[in-house]
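Examination of the molecular architecture
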Number of protein chains: 2
Amino acid sequence: MFVRNSDVTSRSSSLRDLGMTSDLNPAVSLSEFSYKKGTEIYGEKEPAEYVYQVKTGAVRSYKLLSDGRRQIGAFHLAGDIFGLENGSSHRFTAEAIVDTTVRLIRRQTLELVADNDPVVANNLLNMTTTNLQHAEDHMLLLGRKTSLERVAAFILEMDQRLTGADVIALPMSRRDIADYLGLTLETVSRALSRLHEFGIIEFVGNTQRQIVLSDRQKLATIDLQG
Amino acid sequence: MFVRNSDVTSRSSSLRDLGMTSDLNPAVSLSEFSYKKGTEIYGEKEPAEYVYQVKTGAVRSYKLLSDGRRQIGAFHLAGDIFGLENGSSHRFTAEAIVDTTVRLIRRQTLELVADNDPVVANNLLNMTTTNLQHAEDHMLLLGRKTSLERVAAFILEMDQRLTGADVIALPMSRRDIADYLGLTLETVSRALSRLHEFGIIEFVGNTQRQIVLSDRQKLATIDLQG
DNA sequence: CGCGGGATTGAATTAGGTCAAAAGCCGTGG
DNA sequence: CCACGGCTTTTGACCTAATTCAATCCCGCG
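Description of the structure in this document. (Residues numbered from 1 in each chain as written. Chains lettered and ligands numbered in written order. Predicted model: local features only at pLDDT ≥ 70, side-chain atom pairs only at ≥ 80, totals over all residues. Heavy atoms only, no water.)

Moving on: the overall build of chain A. Per the secondary structure count, chain A includes 6 helices and 12 strands. Taking all contacts inside chain A whose residues are at least 6 apart in sequence as the whole, residues at least 24 apart take part in 69%. In the structure as shown, chain A presents an accessible area of about 10,200 Å², 49% of it carried by carbon and sulfur atoms. (Helix = DSSP H or I, 4+ residues; strand = E, 2+ residues; numbered from the N terminus. Contact = heavy atoms within 4.5 Å. Areas by Shrake-Rupley, 256 points an atom, 1.4 Å probe, with all protein chains shown as cover.)

Now the structure itself:
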């Protein structure tokens, strides 16, 4: 279930790497795992043994209905922490979107540290709050935005998060985007074409997954906020 | 903004009333406020000065788009705690659905206590996690369920939460339900009629807001889970 | 080069939205 | 007690945004 298809490279490191800002027991050991594109990192309802941080690659977290309908709750990109559960089991299935390397730490270890270090405990609360905030915003998108608004919001989100070059290199397919936005892949494709027609985005290179945001201003007016 | 239209009745009480299970400084004082049906308790982006617990009545928390589209993120019923923010300002607007009385505590006070009592701190994390879990499930509903499935899920949720008599007495209007489920009020009404035709629910009394769940089994098959 | 999995685009379908009317319910005041 | 006015809810008819179904198209890669 858990380790399946991975290169294990145990390294010693500090919790700072997990986003904890306090100095603390540097003897806590972190490991690295790699997952091939499309493989499962953990399944919904599995016991939450580890907490993960994306080192390279990208991950999708999703829920399924019994008939296969899928809702992706979040994408996890380089640096993001995921799989942090307060309860004892995972509430999403997590899969590598592309070949991905993660750092991981035993949940139990983290809890132990948190119990003795209020700063770490507070960081856990902050991370959970960040996740909650994202989910709250996403409920508004899923419940009330049009397809064009959703795709615009998506591009803006990715632009913010992939804060590297001016090219947005999307790791995920149209289907993934659709399942994140509560749409079909065709609708996503049409919306992207429309944004292109409007002169708001350009497709670059030969792949369809690299996007240049030519008019962030106009895009922001399409995705109306509060 | 905050106190506007309320009867203030300051009382002394213990934090236990706020759902904190640990014994702690009983000198912390709680107040009670009342809000008339339809009035705002706090607005989105206002500084989060207090944390609230519904004593009687019901509250809706929502976000608005600039053109008036509304997404209700949660309903708060008797006993529920709401308005707990980690950041400094509210992320929803909260309104009394019917005449409502709340207990409240200064956020600052709560934080102070949490800093010194790891049990309270842990309760804050648990509450945030509960909210997160609800939002995650609601994303699946909003993104991927049909109108009938959404309304079925709503009835089941209310049945669970209004765990009193066998009559589900809904405090909220069809429009509120619609804005919670990402539908229109007409679609909600039609779905309820359909559930009635199917012999799954009955309307009781003279109001349309009291529902008897005749066949919980069948209802559960309509709202398909994971 | 040719194969295969995305991605795009078009045409037809439909679930849910919109618009409109009628019915039901509740409070108020005569 | 009844009548009136202002809701909310239901129901019907029609409309549309998004889905579904179905071709291509397009690249990346063996």
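From this point, the narrative continues.
Our focus in this paragraph is the protein's contact with DNA strand D. Around DNA strand D lies a shell of 18 residues, among which A:Thr187, A:Arg190, B:Arg174, B:Ser189 and B:Ser193 are the nearest. Backbone atoms, meaning sugar and phosphate, form 66% of the atoms of DNA strand D found within 4 Å of the protein. Measuring from a phosphate oxygen of DNA strand D, one finds a side-chain N or O atom of B:Ser189 at 2.6 Å. Counting residues per element, the ones that place at least two in the surface near DNA strand D are α5 (185–197) of chain A together with α5 (185–197) of chain B. With 5 residues, α5(B) is the single largest residue contributor to the surface near DNA strand D. Looking at the surface near DNA strand D, its residues break down into 2 nonpolar, 10 polar and 6 charged. (Near = heavy atom within 4 Å. Polar contact = N/O pair within 3.5 Å; in protein donor to acceptor, adjacent residues only side chain to side chain. Nonpolar A, V, L, I, M, F, W, Y, C, P; charged D, E, K, R; others polar.)

Turning next to the protein's contact with DNA strand C. In the vicinity of DNA strand C lie 18 residues, with A:Arg174, A:Ser189, A:Ser193, B:Thr187 and B:Arg190 positioned nearest. Take the atoms of DNA strand C that sit within 4 Å of the protein: sugar and phosphate atoms are 69% of them. One of the side-chain nitrogen or oxygen atoms of A:Ser189 is found 2.7 Å away from a phosphate oxygen of DNA strand C. One nitrogen or oxygen atom from the side chain of A:Arg209 is found 2.8 Å from a phosphate oxygen belonging to DNA strand C. When the residues that make up the surface near DNA strand C are grouped by side-chain class, the tally is 2 nonpolar, 10 polar and 6 charged.

Quick look at the sheet that holds strand β12 (residues 210–213) of chain B now. Residue and element names in this part refer to chain B. An order of β10-β12-β11 is seen for the 3 strands of this open sheet, with the pairing classed as antiparallel. Each edge of the sheet is formed by a strand with only one pairing partner; in this case those strands are β10 (167–169) and β11 (201–203). The mean inter-strand angle of the sheet, taken between neighbouring strand axes irrespective of direction, is 30°. Across 3 bridges, β11 lies against β12 in antiparallel orientation. Within the sheet, the bridge partner assigned to Phe203 lies in β12 and is Ile211. Along the sheet, α5 makes contact with β11 and β12, crossing β11 at roughly 110°. (Pairing = 2+ DSSP bridges. Axes fitted to C-alpha atoms, helices over the stretch in contact; angles between N-to-C directions.)

All names here are of chain B. Burial analysis of strand β5 (residues 59–64) places 5 of its 6 residues in the buried class, the great majority of the element. Relative to strand β6 (residues 70–76), β5 is paired through 6 bridges, and the arrangement is antiparallel. Paired with Tyr62 across the two strands is Ile72, which belongs to β6. Between β5 and β6, which follow one another and run antiparallel, lie 5 residues, and Gly68 among them has a positive phi close to 100°. Relative to strand β8 (residues 93–96), β5 is paired through 4 bridges, and the arrangement is antiparallel. Residue pairing for β8: Tyr62 is matched across the bridge by Thr93. (Buried < 20%, exposed > 50% of the residue type's maximum accessible area, 1.4 Å probe, protein only.)

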